[in-house]
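Secondary and tertiary structure notes
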Amino acid sequence: MTPDGVLQVKGLSVQFPRRTAAHPPLMAVLDVSFVVGPGETLGLVGESGSGKTTLARAILRLVPAASGEVLWQGLNLLSMDATRLRRQRRDLQIVFQDPLASLDPRMTVADILGEPLDVHEPRLTADARQARIAAMLDQAGLSAGLRDRYPHEFSGGQCQRVGIARAMMSNPKLLICDEPVSALDVSIRGQIVNLLVDLQRDRGMAMLFISHDLALVRHVSHRVLVFYLGRLIEIAPRDSLFAAPMHPYTRALMAAAAPDRPGQILKGEPSSPLEPPGGCAFRDRCTHARELCAGSVPRLEEISAGHFVACHRWRELPD
Amino acid sequence: MLQIDSLCIEFRQERARVAAVRDVSLALAPGECVGVVGESGSGKTQTFLAAMGLLGRNALVSGSIRFEGRELLAAATSELNRVRGARLAMIFQDPMTSLTPHLTVGVQMAEVLVCHAGLSWTAAKRKALDMLQTVRIADAARRMRQYPHELSGGMRQRVMIGMSLLCEPALVIADEPTSALDATIHVQVIELLAAMRREFRMAIALISHDLGAVHALADRVVVMYAGRVVECAPATAIFAHPRHPYTAELLRCAPNLSAARLNRMPSITGQPPDPAEVLPGCAFAARCARADARCRIERPLLVQSGGAAQAACHHPL
Amino acid sequence: MIRYLLKRIAGAVPTLFIIITLTFFLVRAAPGGPFDQEQSLPPEIVANLQAAYGLDQPAWIQYRRYLTALLHGDFGPSYKYKDFTVTGLIAQGLPLSLTLGGVAMALALALGIPAGVFAALHHDSAAGYATMSLAVVGIAVPSFVVLPFLGLIFGIDLHWLPVAGWEPGSVKHLVLPVITLTLPPLAYIARLTRGGMLEVMQSHFVRTAFAKGLPTRTVIWRHALRPALLPVAGYLAPAVATIMTGSLVVESIAGLPGVGRYLVQGALNRDYTLVMGMVIVYSALLISAGLLVDLLYAWLDPRVRLAH
């Protein structure tokens, strides 16, 4: 049984070697597991050093993984040979953060949109190809006359539309969006986000939506994953997470975004991923930390339907 | 203390002259914190770069910027150098690229005092060390000897803030001080700015698109769009009752975790006008729900609009 | 740091070894031998000479013997210049060549960098364009044109400096050769400095330095210069090579008794040992230059770490 349109990540870890073999490697992603169903949007939240971007790249094998599996429709992407992987890439696309930098400055919009067709559907007739490009431009909210322009002639928002259009050309079943609107003006973000949500709804595709903006994640996600220093520390359905966040870090994030929410104001910085504290990675900043937090890395425990938390003391935390 | 009058900044580019700032006037009183809000193309950063004399060579500037009675525009570099860094300081957006990579933190801070206060390097470094502690950097002595890339983003921004305060300036211009930082660090930096303001009593020009930061710090808010000031009001008034439609839209689009979740994410249709274009009428008319024929032909002037607020709109809210 | 240096030096040994081996066999692969130029030597005497120098042995035995001698610091006798060992010849000429090359390199840096900074600061003015045009001349005109030309003006027309030749301890004999050697690297360094400077002046940290009210010269020398010199650092090893090859021509034309002529003469004379000796010396120089450049990089940009 091939689970159609399902992504299953199991125990994925990504590390980066250090300058000398003497030093242990930098653990960017540590033992992350989750499932994305067809048509579902998973929000990935965390700050710098949380590993969420590295995770996305590892899923697509843009960076090598140290261990674990990435099962796309039952097949492990990490152990596939290059040819088979390329065919799978049709279904798995990504939109990047910096709209202008992600587009080849020497290609027109028509070239950029046509390239996925050349790779995945080379037998299309010229007319069919043009028609597909025109249709995509229209869906992305770009006027047809822009097809022969170059990226530097566009605004940030338009560039991002081109980036999304390119990603959608091969009709992916899973779209990874890595901070797709962070580089855009606040008043334009809604346009791009609404476009993504519409496209997702029309095509029934799944989305991994990476962002540090909680309000944005709340808007688009069905379920949310919270990362800290490479580990998954909380998973919950959207409403459950925002109504009752459990992990102290999640609460602190919410408090930073909305002062009316309870949650400590974090002092200091995340400890360097090069020297993580033993046990729970958050304990050096957590007001609820006790001795037992230094003992072992907390595992994800289910505290209510679909709501998991990795915290030794979740039972003792105030509401 | 800072008086900007009819400031116009144009940039010479290959084909045309592009107007970044069109006829902007604003003033800051001593000790006041003014939040300058706007998006790409608003000209908010260029306005203050002009005050600091940091515009590129292809910039054509007209108008007047007076600081503590002295005219800054077209001042000789030597005169300008007496003011900037000492009475008038600026903090930039990305502390990683804004600090010199091959000089230690200690040197970069101390040189301000050596240059402006005539201190010896030893005395200057001692004061720099004190300042690092004032901005709450732990293990300050070790940090003094480190290079910028060895510090985290939040720490680098603290260094920049401390560096700007060494000569106790009358005005600090903070250009997007939190944008490059994590959300949980935003709060720390804003708190630090507030604390420093209490301690040093300087005025702050906070250039930011982060309305939360502006709300926390500003006494007054100036909203800019397409190179012009479109609204100017006390902070309490502007957040409660914006007068200009753009301000209202901007507030509506601001990320808000406290409010209920909406089905469509709010945005303003269209995009800001191309700075190379010269539009008759109101620059926001193309995107404004309240716009009519008059708005497209006749450019509205900044006028009083209820209480202490000023708005440039024919149909203010 | 010490470990890094030792590692690099240790890494240089295999490189040198490969160079020695390749050169050894390449030189012998060229037709002819060391004693061909000697006229009117009966073949038996030639055969005796060859046996005396061990040249009648198979190549690889000669190679082994050479390496063994090398390990004892013996570069062998010169085949052409009888009565002289290679070590002796090189020791005689090397100080002069090193002086020539060292002064040229130092001058190229001392003049090229300020010229580049000047050109960058005035890049949209006549002075800036003029400086860069001069640089093009420096790169384009070959040394065998420059030196005689300078000799013509300063030697023959003005009688300020000698045209060629050398006396031990003389400085004025070295002036024109040094100038000739300096010009191409000076021009490159000026161009590279200008380019690097122009780029660095746009960076955010330079803007911060100006915002702090620092005088322009402080901003340039303390903040902007070091990162701007990274391209120059990258050029330094090739610059050493340029000067080394340039010295061959210059020393020949100016009649200076350095080691430059040995390499060319040695190759022409099939003076195997001399050629080998020169190749080793030049290779060692170049490898050291490379090592110094890497150390320089780390100083210019602390983000570059030496350990790897």
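The structure we're discussing is the one just above.
Residues numbered from 1 in each chain as written. Chains lettered and ligands numbered in written order. Predicted model: local features only at pLDDT ≥ 70, side-chain atom pairs only at ≥ 80, totals over all residues. Heavy atoms only, no water.

**Side note on the sheet that holds strand β3 (residues 33-37) of chain B**
Residues and elements named next belong to chain B.
- What the eight strands build is an open sheet, ordered β6-β7-β8-β3-β9-β10-β12-β11; its pairing is mixed. At either margin of the open sheet sits one strand with a lone partner, and together these are β6 (88-91) and β11 (303-304).
- Two elements, β3 and strand β9 (residues 220-225), share four bridges in a ladder whose sense is parallel. Its bridge partner lying in β9, Val37 is registered against Val223.
- On top of the sheet, helix α11 (residues 245-253) reaches β3, β9 and β10 (228-234); it is set at about 100 degrees to β9, its chief contact. (Pairing = 2+ DSSP bridges. Helix = DSSP H or I, 4+ residues; strand = E, 2+ residues; numbered from the N terminus. Contact = heavy atoms within 4.5 Å. Axes fitted to C-alpha atoms, helices over the stretch in contact; angles between N-to-C directions.)

**Some words on the environment of Cys167(B)**
- Following the sequence through the fold, Cys167(B) ends up in the loop between α7 (153-165) and β7 (171-175).
- Those residues in contact with Cys167(B) that lie beyond four places of it in its chain are Gly85(B), Ala86(B), Val112(B), Leu113(B) and His116(B).

**Thoughts on the layout of surface pockets**
- Reported here for the second largest pocket is a volume of approximately 1200 Å³.
- Taken together, 30 residues make up the lining of the second largest pocket; nearest its centre are Gly53(B), Leu54(B), Leu55(B), Gly56(B) and Arg57(B).
- Of all the elements in the fold, those that place two or more residues in the lining of the second largest pocket are α1 (44-52), β4 (59-67) and α2 (77-83) of chain B together with α4 (86-121), α7 (172-201) and α8 (204-211) of chain C.
- With four residues, the top contributor of residues to the lining of the second largest pocket is α8(C).
- Considered class by class, the residues forming the lining of the second largest pocket number 18 nonpolar, nine polar and three charged. (1 Å grid on protein atoms, 1.4 Å probe; cavity = no way out; pocket = protein on both sides within 12 Å on 5 of 7 lines; lining within 4 Å. Points joined across faces, edges and corners; volume = space filled by probe spheres on them. Nonpolar A, V, L, I, M, F, W, Y, C, P; charged D, E, K, R; others polar.)

**Overview of the interface of chain A and chain B**
- Taken together, the contact pairs 36 residues of chain A with 35 residues of chain B.
- Roughly 2900 Å² of surface becomes buried between chain A and chain B when both sides are summed, with 50% attributable to carbon and sulfur atoms.
- Arg264(B) is the salt-bridge partner of Asp198(A), the closest N and O atoms lying 2.9 Å from each other.
- Taken together, chain A and chain B are joined by 18 residue pairs in polar contact (both at pLDDT 80 or more). (Buried area = accessible area lost by both parts, 1.4 Å probe. Salt bridge = Lys/Arg side-chain N within 4 Å of Asp/Glu carboxyl O. Polar contact = N/O pair within 3.5 Å; in protein donor to acceptor, adjacent residues only side chain to side chain.)

**A look at the packing of aromatic side chains**
Residue and element names in this part refer to chain A.
- The final tally for this structure, using the stated rule, is ten aromatic pairs over all chains.
- Measuring from centroid to centroid gives 5.4 Å for Tyr249 and Phe282, while their planes differ by 65 degrees, and the two rings are edge-to-face. Of this pair, Tyr249 sits in helix α9 (residues 248-257) while Phe282 sits in the loop between α9 and β11 (301-304), placing them 33 residues apart in sequence.
- Taking relative accessible area as the criterion, Phe282 reaches 2% and is therefore assigned buried. (Phe/Tyr/Trp six-rings, centres within 6.5 Å; stacked < 30°, edge-to-face > 60°. Buried < 20%, exposed > 50% of the residue type's maximum accessible area, 1.4 Å probe, protein only.)

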